[in-house]
Amino acid sequence: LGLALLAEGNSVQGREALKQALEVRPAMLLAQVRLAESYMDSGTYEDAEIHIRDAMRVNPRHPRVRKLQVRINITRDNRGAVIALVRSRLADPAFPLHFQDVAVVVAMVLDDVVRVETLVRTAIREQPNDPLYLLADGWSKVSADQRAALSGLIARVMLNDIDAEP
């Protein structure tokens, strides 16, 4: 019910329904993730962080949980945490390859042109028509002012649109 209400745009009732479900079954990962995403979307970052932590307790290796960690740290402009998270996740062979998408976005946000070029060079060989990699390739070739204007927008769009595998 909570997920359906959120999907219909009724965030207040949707959140309440998910919270009630979590009182009965606190280990419902999808409920924790959707609550965190809903709070992030509304700018209520403290509540989002609570549910991200709760989701971490349920399954710290789940791709959507990890993406939420990156998203909250980018939103909070916590670059040190973003860099540490990306490094640890990229070194983890169990993590799905689509985390490379997040690494590209984070490198763009941090204006790390060399890292973007390196990641994109590898990624384009594997997925030559992927819009993110093509966009990032173009991003790395424009001026610093243009990169700065694009980075935040790209990060918000990509981190919202990258759907993790269940």
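Look a little higher up for the structure.
Basis of the calculations
Residues numbered from 1 in each chain as written. Predicted model: local features only at pLDDT ≥ 70, side-chain atom pairs only at ≥ 80, totals over all residues. Heavy atoms only, no water. Axes fitted to C-alpha atoms, helices over the stretch in contact; angles between N-to-C directions. Helix = DSSP H or I, 4+ residues; strand = E, 2+ residues; numbered from the N terminus. Parallel < 35°, antiparallel > 145°, perpendicular 65-115°, else oblique. Left-handed = near helix turned anticlockwise from the far one by under 90°. Contact = heavy atoms within 4.5 Å. Nonpolar A, V, L, I, M, F, W, Y, C, P; charged D, E, K, R; others polar. Salt bridge = Lys/Arg side-chain N within 4 Å of Asp/Glu carboxyl O. Buried < 20%, exposed > 50% of the residue type's maximum accessible area, 1.4 Å probe, protein only. Expected span 1.5 Å × (residues − 1).

A.B. asks: Please provide a residue-by-residue account of the packing of helix H3 (residues 29–42) against helix H4 (residues 45–58), values included.
C.D. replies: Where H3 contacts H4, the two axes come as close as 8 Å, and the packing angle between them is 160°. If you check the angle between H3 and H4, you find them roughly antiparallel. You can see that H3 and H4 cross each other, and the crossing is left-handed. Contact residues: Leu-29, Gln-32, Val-33, Leu-35, Ala-36, Tyr-39 and Met-40 in H3; Tyr-45, Asp-47, Ala-48, His-51, Ile-52, Asp-54, Ala-55 and Val-58 in H4. For the contact of H3 with H4, the per-class residue count stands at 11 nonpolar, two polar and two charged.

A.B. asks: Requested: an account of the environment of Lys-67, with residues and values cited.
C.D. replies: With respect to the helices, strands and loops of the structure, Lys-67 is situated in helix H5 (residues 63–75). In the structure, Lys-67 is positioned 35 residues away from Val-102 in sequence and 7.3 Å away in space, judged by C-alpha atoms.

A.B. asks: Explain the pattern of salt bridges to me, and be specific about the residues and the numbers.
C.D. replies: Side chains that carry opposite charge are capable of pairing whenever their charged atoms lie near each other. Applying the stated rule across the entire model yields four salt bridges. In this structure, Lys-19 and Glu-16 form a salt bridge, with 3.6 Å as the shortest nitrogen-oxygen distance. Within this pair, Lys-19 and its partner Glu-16 are both found in helix H2 (residues 11–24), separated by three residues, close to a single helical turn. Judged by its relative accessible area of 40%, Glu-16 is partly exposed.

A.B. asks: With reference to specific residues and values, describe helix H8 (residues 113–126).
C.D. replies: Here H8 contains 14 residues, and its C-alpha end-to-end distance of 20 Å stays within 8% of the 20 Å for a straight helix at 1.5 Å per residue. Where H8 is concerned, the buried positions are Val-113, Val-116, Leu-119, Val-120 and Ala-123.

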